[in-house]
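Take a look at the letters that make up each chain.
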Amino acid sequence: MPNYMLLLHESPADFAGLSPEQIQRVIAEYTSWRDKVKSEGRFVGSAKLKDEGGKHMSGGNGNLRVTDGPFTEAKELIGGYFAISADDYDQAVETASSCPHLKYGGRIEVREIEFSS
């Protein structure tokens with residue numbers, strides 16, 4: 001069965017106005033959704049990315065450039081991911097459609113994972 005990456009795109013402001021109690025309720029929704037996917041035998045893995053921007057690398061012509069990012073003016077960032085197994089894109093999209101990320105204004109990019117040996 002193929003695996004799919006659900007990349008969770010969001011605006012930096014999507015969760016900014018929530019109280020700590022509200023954030024805990026949101027986390028509980030994501031956890032509940034993950035547990036449902038686990039109970040269906042389709043959960044592969046997940047992680048929330050740290051809120052700090054990490055490093056962005058680019059290169060070309062032998063030049064390596066490393067910058068901090070994304071910056072506060074970024075319109076969208078990837079806040080985390082889920083990896084699931086599904087028969088095909090239709091089933092992966094069906095699974096992703098119930099993810100609470102969409103409820104909070106986020107966008108989910110569904111990509112099949114290709115393994116090479």
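**Student:** How should I be thinking about the pattern of salt bridges in this particular structure?
**Tutor:** Pairing of side chains with opposite charge becomes possible as their charged atoms draw close. Per the stated rule, a full pass over the model turns up six salt bridges. In this structure, the salt-bridge partner of Arg34 is Asp35, at a minimum N-O distance of 3.1 Å. With its nearest N and O atoms 2.0 Å apart, the salt bridge here joins Arg42 to Glu40. Owing to a relative accessible area of 12%, Arg42 belongs among the buried residues under this scheme. Classification of Glu40 by relative accessible area gives partly exposed; the value is 35%.

**Student:** Looking at this model, I keep getting lost on the pairing of strand S3 (residues 55-60). Mind explaining?
**Tutor:** Consecutive side chains of a regular strand alternate in pointing toward one face of the sheet and then the other. Counting buried residues along S3, only zero of its six residues qualify, which leaves the element largely exposed. The pairing of S3 with strand S4 (residues 63-68) spans six bridges and is antiparallel. Considered in S4, the bridge of His56 is made with Thr67.

**Student:** Looking at this model, I keep getting lost on the packing of aromatic side chains. Mind explaining?
**Tutor:** The relative placement of two aromatic rings is captured by the distance of their centres and the angle of their planes. Enumeration according to the criterion identifies two aromatic pairs in this entry. Between Tyr4 and Tyr89, the ring centres sit 5.0 Å apart and the planes meet at 65 degrees, which makes this aromatic pair edge-to-face. Residue Tyr4 is found in strand S1 (residues 3-10), and its partner Tyr89 is found in helix H2 (residues 89-96); the two are separated by 85 residues along the sequence. Taking relative accessible area as the criterion, Tyr4 reaches 2% and is therefore assigned buried. Measuring from ring centre to ring centre gives 4.8 Å for Trp33 and Phe82, while their planes differ by 75 degrees; the resulting arrangement is edge-to-face. Within this pair, whereas Trp33 is found in helix H1 (residues 20-39), its partner Phe82 is found in strand S5 (residues 77-85), the two being separated by 49 residues in sequence. Here the two residues Trp33 and Phe82 agree in accessibility, since each one is buried.

What counts, and where the lines are drawn
Throughout, residues of each chain are indexed from 1 in the direction in which the sequence is written. Only residues with pLDDT of 70 or above have their local features reported here, since the model is predicted, and side-chain atom pairs are shown and tallied only from 80 upward, although totals for entire chains, interfaces and linings are computed over all residues. Each side-chain value is derived from all of the structure's non-hydrogen atoms; neither hydrogens nor water enter the calculation. We define a salt bridge as a contact between a side-chain nitrogen of Lys or Arg and a carboxyl oxygen of Asp or Glu at a distance within 4 Å. Relative accessible area decides the class of each residue, using a 1.4 Å probe on protein chains only: under 20% of the type maximum gives buried, over 50% gives exposed, and in between gives partly exposed. The helix count covers DSSP runs of H or I at least four residues long, the strand count covers runs of E at least two residues long, and both are numbered beginning at the N terminus. A pair of strands is considered paired only if DSSP assigns at least 2 bridges between the two. Aromatic pairing here means that ring centres of Phe, Tyr or Trp (its six-membered ring) are within 6.5 Å. Orientation follows from the plane angle: under 30 degrees is stacked, over 60 is edge-to-face, and everything else is tilted.

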